Amino acid sequence: MTAYVIYEAVVTDAEQYEQYKTRAPASVTAAGGRYIARGGDVESFEGAEPARVVILEFPTFDAATAWYRGEEYTAAKALREAACAARLFVVDGIG
């Protein structure tokens, strides 16, 4: 079943974040994922409006989890953690 990683962030160091943006996509592709949305315009219908939203699609929940915990993304994640405050989670799609 398809799974989606939802990511919301407030960037605090734009230069560092640009480095993250160049490293993360290869890790997503290598894990069988793809970008559905990546930093486009956001309008919040309810609640606080996040500054940046990214949605990734993976073939399975396990594939998404393996990507997040994998060596390639772990290296990129270190760049992200130093550049923004984020919320990141995975959710199963509809079967």
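Keep in mind the model is a prediction, meaning the values are calculated, not measured. (Residues numbered from 1 in each chain as written. Predicted model: local features only at pLDDT ≥ 70, side-chain atom pairs only at ≥ 80, totals over all residues. Heavy atoms only, no water.)

Trainee: Sorry, what's going on with the overall build of the protein here?
Mentor: Scanning the protein from terminus to terminus reveals three helices and four strands. Counting from the amino terminus, the protein carries its helices and strands in the arrangement β-α-β-β-α-α-β. Since a compact globule built from 95 residues should have a radius of gyration of about 12 Å, the 13 Å found for the protein is in line with a globular shape. Projected onto its principal axes, the C-alpha positions of the protein cover 35 × 35 × 15 Å. Per-residue burial for the protein yields a buried fraction of 33% across its 95 residues. Look at the contacts in the protein between residues 6 or more apart in sequence, and 73% of them connect residues 24 or more apart. Surface accessibility of the protein: about 5800 Å² in total, with carbon and sulfur atoms responsible for 51%. Each charge class in the protein can be summarised by its mean position, and for the 9 positive and 14 negative side chains these summaries are 4 Å apart. (Helix = DSSP H or I, 4+ residues; strand = E, 2+ residues; numbered from the N terminus. Rg over C-alpha atoms; globule rule 2.2 N^0.38 Å. Buried < 20%, exposed > 50% of the residue type's maximum accessible area, 1.4 Å probe, protein only. Contact = heavy atoms within 4.5 Å. Areas by Shrake-Rupley, 256 points an atom, 1.4 Å probe, with all protein chains shown as cover. Lys, Arg positive; Asp, Glu negative; His and termini not counted. Charge placed at Lys NZ, Arg CZ, Asp CG, Glu CD.)

Trainee: Explain the confidence of the model for the protein here, please?
Mentor: Here the protein averages 94 in pLDDT, and 100% of its residues register 70 or above. Averaged over each element, pLDDT in the protein is lowest for helix H3 (residues 71–81) (94) and highest for helix H2 (residues 61–69) (98). (pLDDT = per-residue confidence, 0-100.)

Trainee: I'm lost on the pairing of strand E1 (residues 3–11) in this one. Help?
Mentor: For a regular strand, the rule is simple: side chains alternate between the two faces of the sheet. Direction of pairing for E1 relative to strand E3 (residues 52–58): antiparallel, over a ladder of seven bridges. Across the sheet, the residue bridging to Ile6 is Ile55, located in E3. As judged from the nine bridges shared by E1 and strand E4 (residues 84–92), these two strands associate in the antiparallel manner. Within the sheet, the bridge partner assigned to Ile6 lies in E4 and is Phe89. (Pairing = 2+ DSSP bridges.)

Trainee: What should I look at first to understand the side chain of Arg52 in this one?
Mentor: With respect to the helices and strands, Arg52 occurs in strand E3. Buried Arg52, no salt bridge; nearest opposite-charge side chain is Glu18, N-O distance 6.9 Å. Of note is the side chain of Arg52, whose polar atom sits 3.0 Å from the side chain of Tyr17. Each residue touching Arg52, except ones within four places of it in the same chain, is listed here: Tyr7, Glu8, Ala9, Val11, Tyr17, Lys21, Arg38 and Gly39. (Salt bridge = Lys/Arg side-chain N within 4 Å of Asp/Glu carboxyl O. Polar contact = N/O pair within 3.5 Å; in protein donor to acceptor, adjacent residues only side chain to side chain.)

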